[in-house]
Amino acid sequence: GAVVSQHPSWVICKSGTSVKIECRSLDFQATTMFWYRQFPKQSLMLMATSNEGSKATYEQGVEKDKFLINHASLTLSTLTVTSAHPEDSSFYICSARQGASSNQPQHFGDGTRLSIL
Amino acid sequence: AQSVTQLGSHVSVSEGALVLLRCNYSSSVPPYLFWYVQYPNQGLQLLLKYTSAATLVKGINGFEAEFKKSETSFHLTKPSAHMSDAAEYFCAVSELRSGNTGKLIFGQGTTLQVKP
């Protein structure tokens with residue numbers, strides 16, 4: 001149980017393109033979803049916290065107009081990287097938590113490797 | 001503020017040897033602690049969690065961790081390493097504040113290498 005699906009796995013696109021990444025909880029309802037960015041050989045950096053039906057909460061330094069997050073249902077959150085540039089190339093990972101309690105673990109997707117040419 | 005420190009960015013063991021990955025936390029309140037494993041080009045998989053029940057927590061793949069409040073530690077162990085255990089391991093604490101959504105604060109990660 002507690003499977004999170006993230007698509008696509010890999011994206012290669014030209015500079016200026018907008019890219020949408022989907023995160024789905026397949027067998028549970030996720031009140032809260034999280035979006036992370038991971039640079040090579042580094043830990044995960046939280047970008048934003050997304051609650052179903054409300055606006056996402058962005059971490060300091062993360063541009064909300066650059067990284068658009070939508071959490072329209074209890075099983076789906078999307079991250080759109082708008083007008084992507086080479087510096088946006090990274091590994092993006094989503095997670096979903098079942099329930100509102102902070103003692104519930106986050107379940108992670110397999111990540112999306114984004115390469116901007 | 002809560003924080004997590006993983007001692008040793010790289011740990012190398014022989015196959016069959018004991019695995020010990022260290023994690024120390026800082027928290028003013030009883031924490032919720034987690035260990036995750038990440039294989040190359042994949043997301044994170046939950047190994048085990050501590051949420052104020054038994055201090056010795058057993059997880060998947062033969063891993064276990066012991067919560068020691070006096071030492072503010074939550075070290076991950078496995079009696080006998082397998083080649084398939086080679087991966088990146090992350091310790092995390094759930095941020096606890098009033099109204100907080102329980103963000104995870106991750107340690108820097110430890111790369112486990114298993115030699116034949």
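Heads up: the structure comes first, above all this text.
First, a word on scope: everything that follows refers to the structure included in this document. This structure is a prediction, so every number in the text was calculated from the model and none was measured.

Here is what the cut-offs are and how they apply
Residues numbered from 1 in each chain as written. Chains lettered and ligands numbered in written order. Predicted model: local features only at pLDDT ≥ 70, side-chain atom pairs only at ≥ 80, totals over all residues. Heavy atoms only, no water. Buried < 20%, exposed > 50% of the residue type's maximum accessible area, 1.4 Å probe, protein only. Helix = DSSP H or I, 4+ residues; strand = E, 2+ residues; numbered from the N terminus. Pairing = 2+ DSSP bridges. Contact = heavy atoms within 4.5 Å. Buried area = accessible area lost by both parts, 1.4 Å probe. Salt bridge = Lys/Arg side-chain N within 4 Å of Asp/Glu carboxyl O. Polar contact = N/O pair within 3.5 Å; in protein donor to acceptor, adjacent residues only side chain to side chain. Nonpolar A, V, L, I, M, F, W, Y, C, P; charged D, E, K, R; others polar.

Now for the pairing of strand β3 (residues 19–25) of chain A. Residues and elements named next belong to chain A. Residue alternation in β3 divides its side chains into a buried set, Val19, Ile21, Cys23 and Ser25, and an unburied set, Lys20, Glu22 and Arg24. Pairing of strand β1 (residues 4–7) with β3, which is carried by four bridges, proceeds in the antiparallel orientation. Each residue of the ladder has a partner; that of glutamine 6, found in β3, is cysteine 23. By the bridge criterion, six bridges tie β3 to strand β8 (residues 76–81) in an arrangement that is antiparallel. Looking at β8, one finds that valine 19 is bridged to valine 81.

Turning to the interface of chain B and chain A, a few remarks are in order. How big an interface is tends to be reported as the loss of accessible area on association of its parts. Taken together, the contact between chain B and chain A spans 21 residues of the former and 23 residues of the latter. When chain B packs against chain A, close to 1700 Å² is buried across both sides, 54% of that on carbon and sulfur atoms. On inspection of chain B and its partner chain A, the count reaches one salt bridge. For A:Glu59, the salt bridge goes to B:Lys103, with nearest N and O atoms at 3.1 Å. Where chain B packs against chain A, one counts six residue pairs in polar contact (both at pLDDT 80 or more). Elements with a contribution of two residues or more to the side of chain B that touches chain A: β5 (33–38), β6 (44–50), β10 (87–94) and β11 (104–106) of chain B. Of the residues contributing to the side of chain B that touches chain A, the split by class is nine nonpolar, ten polar and two charged.

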